[in-house]
Amino acid sequence: MGIHIIKMPDIGEGIAEVELVGWHVNVGDTVAEDQPLADVMTDKATVEIPSPVVGKVVALGGSVGDVMAVGSELIRLEVEGAGNAKADAAPTPTGQEAAAPADDGVGVAAAPAPEAGGIAGQIARDVASGAASAPGAAQAPAVAPSRPQADARPAPAGPARQPGERPLASPAVRKRAWDMGIELRFVHGSGPAGRILHEDLDAYLQGQGAAMPSAQGGYRERHDEQQVPVVGLRRKIARKMQESKRRIPHFSYVEEVDVTELEALRAQLNRKYGEARGKLTLLPLLARAMVIALRDFPQINARYDDEAGVVTRYGAVHLGVATQTDNGLIVPVLRHAEARDIWALGAEIARLAQAVRSGKAERDALSGSTITLTSLGALGGIVSTPVINHPEVGIVGVNRIVERPAIYQGAMVARKLMNLSSSFDHRVVDGMDAAQFIQAVRALLEQPALLFVEAP
């Protein structure tokens with residue numbers, strides 16, 4: 001028998017370190033050739049690392065959330081034959097080596113390996129030499145199990161009481177036990193003559209866990225805790241948001257839009273062309289309005305390199321479409337939105353959303369946006385303050401549509417109204433320009449025929 005060490009492969013793109021976001025194996029497991037071992041995350045993608053050999057896991061080279069250098073030891077396997085390392089070589093220190101789980105009642109077991117997933121792909125078979133990657137799936141952050149209270153102790157054995165027997169306890173203790181759903185006949189009394197004290201209720205709760213609520217009421221104290229490591233995609237999101245708010249002086253602008261005519265047009269288009277061209281949502285219509293309005297406001301369709309002090313304005317509109325997934329918010333990029341009609345925009349938005357939610361988005365689809373559109377759908381609320389997707393300089397957010405009374409052509413009528421909530425980088429976008437841009441978008445949405453008119 002020999003030892004085979006698998007090192008962190010070179011993912012490419014000049015990346016020197018990656019984050020370990022999930023294990024698919026534990027110490028003691030037997031792995032097959034090409035079986036997934038771990039998921040690692042770069043700034044752009046999650047990559048699945050397979051095993052190039054058959055063997056038994058001897059040691060893991062890191063814990064979920066660790067940032068590991070390319071070339072460092074990822075995992076150590078016991079294999080048939082000589083292997084590629086000496087059997088007595090010291091393994092890389094790790095918190096998940098072949099030690100048995102703590103049995104003292106207060107340790108935290110290693111988090112179970114999450115299911116495979118990601119937005120990038122699987123590295124080719126020879127991991128040790130670092131081959132190219134292909135699309136794979138996103139990885140949800142591991143959740144640490146709840147940690148019991150350090151001073152918890154087993155509940156004393158219940159006293160030998162018969163059903164209906166009334167134990168000794170003060171009215172205050174009885175009321176508290178009633179509120180927490182505890183049957184006093186099962187609680188050991190430490191007071192004189194076996195009287196049940198408040199401390200006995202505390203000891204019972206610590207030993208038994210949370211008490212089951214009684215049929216009469218479920219009010220009870222809770223003392224459970226859960227620690228959730230911020231790793232993987234959630235860590236990337238946290239860092240991205242922190243960087244955006246730290247570096248960009250945001251200012252927000254909110255405008256109300258009457259979308260009654262737009263919604264009527266959308267319904268009519270869906271009835272007539274829905275089966276042949278696909279059903280339209282509000283997003284492609286809003287994307288088209290942004291494309292047209294940006295022609296007059298190129299300073300908003302831009303990226304700001306604040307270290308170099310250079311603003312790059314783009315003729316092409318590479319629209320980031322913020323998409324909620326099970327693992328967090330991901331912003332795929334709709335390339336060249338200016339060259340697509342509303343049905344092509346709708347189809348591409350749907351394709352990108354499906355790709356990121358299923359973990360099959362290409363790497364190129366996850367970077368390079370020049371402005372972002374975000375929407376919470378039916379949960380959009382009245383107003384929001386979206387965070388700019390650094391290094392862009394603008395973002396437009398869609399709030400929910402509500403029907404309420406409004407003055408229209410001198411009469412009080414029901415109209416469908418919606419707020420647009422936008423944020424801009426005040427270093428490069430003036431308030432006047434931002435307001436005029438949103439007003440231009442508003443005019444296009446309130447007169448939707450203009451969405452189909454091309455400028456001469």
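Here the structure is shown first, and the text comes after it.
Residues numbered from 1 in each chain as written. Predicted model: local features only at pLDDT ≥ 70, side-chain atom pairs only at ≥ 80, totals over all residues. Heavy atoms only, no water.

**Q** When you look at the sheet that holds strand 1 (residues 2-7) in this model, what are you seeing that I'm missing?
**A** The strands that make up a sheet are held in pairs by hydrogen bonds between backbone atoms, and each pair lies either parallel or antiparallel. Taken in spatial order, the four strands line up as 1-8-6-3 in an open sheet, and their pairing is antiparallel. Whereas interior strands pair on both sides, the edge strands pair on one side only; in this sheet they are strand 1 and strand 3 (30-31). Judged from the four bridges that link them, strand 6 (residues 55-60) and strand 8 (residues 73-79) form a sheet pairing that is antiparallel. The partner of V57 across the bridge, within strand 8, is L77. (Pairing = 2+ DSSP bridges. Helix = DSSP H or I, 4+ residues; strand = E, 2+ residues; numbered from the N terminus.)

**Q** Just to check I follow, could you spell out helix 1 (residues 171-180) for this structure?
**A** Inspection of helix 1 places V173, R176, A177 and M180 among the buried residues, and these make up the whole buried set. Viewed along the axis of helix 1, the buried residues span an arc of 100°, placing them on a single side of the element. Residues of helix 1 that are exposed and point over 90 degrees away from its buried face: P171 and K175. Following helix 1 by one or two positions, G181 has its phi on the positive side, about 75°. (Buried < 20%, exposed > 50% of the residue type's maximum accessible area, 1.4 Å probe, protein only. Arc of directions from axis to C-beta.)

**Q** Help me understand the nonpolar core in this model?
**A** Inside soluble globular proteins, nonpolar side chains tend to come together where they are buried. With 49 residues, the main nonpolar core has L319 and F437 as its most contacted residues. Of the residues forming this core, the biggest block, eleven residues, is contributed by helix 5 (residues 282-294). Not counting the four nearest positions on each side in its chain, L319 is found in contact with A287, M290, P332, V333, L334, A337, S369, I371, T372 and L373. L37, V40, V47 and L74 belong to the second largest nonpolar core, which has 21 residues in total. (Core = buried A, V, L, I, M, F, W, Y, C linked by side-chain atoms within 4.5 Å. Contact = heavy atoms within 4.5 Å.)

**Q** Any chance you could explain the pairing of strand 10 (residues 302-305) here in plain terms?
**A** Taken residue by residue, a regular strand's side chains alternate between the two faces of the sheet. The side-chain alternation of strand 10 yields one buried face, formed by A302 and Y304, and one unburied face, formed by R303 and D305. Where strand 10 meets strand 11 (residues 310-313), four bridges bridge the pair, whose relative direction is antiparallel. Within the sheet, the bridge partner assigned to Y304 lies in strand 11 and is V311. What sits between the antiparallel neighbours strand 10 and strand 11 is a turn of four residues, in which G309 has the positive phi angle 70°.

**Q** Explain unusual backbone geometry to me, please; I cannot follow it from the model alone.
**A** Cis geometry marks the peptide bond from H390 to P391, where omega comes out at 10°. Within the element layout of this structure, P391 appears in the loop between strand 16 (371-375) and strand 17 (394-398). With a phi angle near 70°, D34 is a residue other than glycine that sits in the positive phi range. By relative accessible area, D34 is classed as partly exposed at 39%. A positive phi is found at H336, a non-glycine position, where the angle reads about 50°. Assignment of secondary structure puts H336 in the loop between strand 15 (333-334) and helix 6 (342-358). Owing to a relative accessible area of 39%, H336 belongs among the partly exposed residues under this scheme.

**Q** What is the right way to read the side chain of T323 from this model?
**A** Position of T323 among the secondary structure elements: in strand 13 (residues 323-325). Engagement of the side chain of T323 in a polar contact is seen with the backbone oxygen of V321, the distance being 2.9 Å. (Polar contact = N/O pair within 3.5 Å; in protein donor to acceptor, adjacent residues only side chain to side chain.)

**Q** What is the right way to read a nonpolar patch on the surface from this model?
**A** A grouping of V254, I382 and V383 is seen on the molecular surface, where their side chains present a nonpolar patch of about 260 Å² in accessible area. Overall, V254 belongs to the partly exposed group, its relative accessible area being 35%. (Patch = residues over 30% accessible without salt bridge, like charges linked within 9 Å, V, L, I, M, F, W, Y side chains within 5 Å. Areas by Shrake-Rupley, 256 points an atom, 1.4 Å probe, with all protein chains shown as cover. Salt bridge = Lys/Arg side-chain N within 4 Å of Asp/Glu carboxyl O.)

**Q** Can you help me understand the sheet that holds strand 2 (residues 17-23) in this one?
**A** Read across the open sheet, the four strands follow the order 5-4-2-7; overall the sheet is antiparallel. The open sheet has two edge strands, strand 5 (46-50) and strand 7 (67-69), and neither has a second partner. Sheet twist, expressed as the average angle between the axes of neighbouring strands with direction ignored, equals 40°. Where strand 2 lies against strand 7, three bridges are found, and the strand directions are antiparallel. The partner of E19 across the bridge, within strand 7, is V67. Against the sheet, helix 3 (residues 232-247) touches strand 2, strand 4 (36-41) and strand 7, its axis set at about 135° to strand 2. (Axes fitted to C-alpha atoms, helices over the stretch in contact; angles between N-to-C directions.)

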